[in-house]
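Coordinate inspection notes
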Amino acid sequence: MAQTFSVVIPASGIGKRMQANMAKQYLPLMNKTVLEHTIHCFLDMPQVDEVVVAIAEHDEQFATLELAKHPKIHTVLGGKERANSVFNALDYLRNKNGSWVMVHDAARPCLEQKDILNLARECFTNNHAGILATQVRDTMKRTISNSNLINKTEDRENLWHALTPQCCDVKQLHKALSEQISSDGVINPAITDEASALELAGFPVAIVAGSGKNIKITQPEDLELAEYYIKSKINEF
Ligand SMILES: Nc1ccn([C@@H]2O[C@H](COP(=O)(O)OP(=O)(O)OP(=O)(O)O)[C@@H](O)[C@H]2O)c(=O)n1
Ligand SMILES: C[C@](O)(CO)[C@H](O)COP(=O)(O)O
């Protein structure tokens, strides 16, 4: 696959739901931090031009990581919400060469390169955006607002969990996100991933079925599961 792409890693969150004593992207996972596992998934791929990591204003830990010195790594300042962090990275990338970008959560360290290549193949072959996703397995319920009573059962036909990476044209995503950020930098709360902005801008986005191991470390119990998946990934080689 000759087409190359850049990578944006939003890594400026504080990990409230993790209830840890540090931002979850810096929690230890086997022999490295969560963030190092995530970035290393891309760093040795010849198709990757550059990895742009959006880090928080007072983040002093990133610079201590060995990979911070890697020639493919560039950092930008993150923003108030995930979409602001991604937008700041795109602001840097849109003036560079290259037209494709994959945005991948720092908190998803169990990503496998086969899924990256499947996503790239779908997007580059069909010249449209795409996201990794997994089909919903459970029956999905929607509750009444401010109540634990069930309002309705959602039709789970064609229902997917959106994952990352999410792959698209740099300029298209920059434009789509700029339409969802107010003049004082407030992002439309409906924009919780890149695809939601692209959808609102009218760009087609494809689903690419990916591994369910590509979990987002969000709550305390996720770390143990991530460790299991990372071990199984290492034992594959
Ligand atoms: N202002 C923000 C908020 C989140 N993120 C990143 O976006 C990814 C997914 O966000 P989430 O899982 O919500 O992380 P946090 O916002 O840190 O978690 P929480 O909502 O529990 O605080 C994470 O890698 C996080 O570092 C970011 O770059 N900038
Ligand atoms: C981008 C994402 O991981 C796709 O599922 C998700 O929307 C991030 O949500 P978060 O609340 O910022 O973790």
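Reading guide: rules and limits
- Residues numbered from 1 in each chain as written.
- Chains lettered and ligands numbered in written order.
- Predicted model: local features only at pLDDT ≥ 70, side-chain atom pairs only at ≥ 80, totals over all residues.
- Heavy atoms only, no water.
- Buried < 20%, exposed > 50% of the residue type's maximum accessible area, 1.4 Å probe, protein only.
- Helix = DSSP H or I, 4+ residues; strand = E, 2+ residues; numbered from the N terminus.
- Pairing = 2+ DSSP bridges.

It is worth spelling out the pairing of strand β6 (residues 100-103) at this point. Going residue by residue along β6, you find W100 and M102 tucked away on one face and V101 and V103 tucked away on the opposite face as well. Where strand β1 (residues 5-11) meets β6, three bridges bridge the pair, whose relative direction is parallel. Bridging across to β6, V8 finds its partner in V103. By the bridge criterion, four bridges tie β6 to strand β10 (residues 160-169) in an arrangement that is antiparallel. The residue of β10 that forms the bridge with M102 is C167.

Quick look at the environment of G98 now. Among the secondary structure elements, G98 is positioned in the loop between α2 (82-93) and β6. G98 gets classed as partly exposed once you look at its relative accessible area, which sits at 48%. Along the chain, G98 and D49 lie 49 residues apart, while their C-alpha atoms are 8.3 Å from each other.

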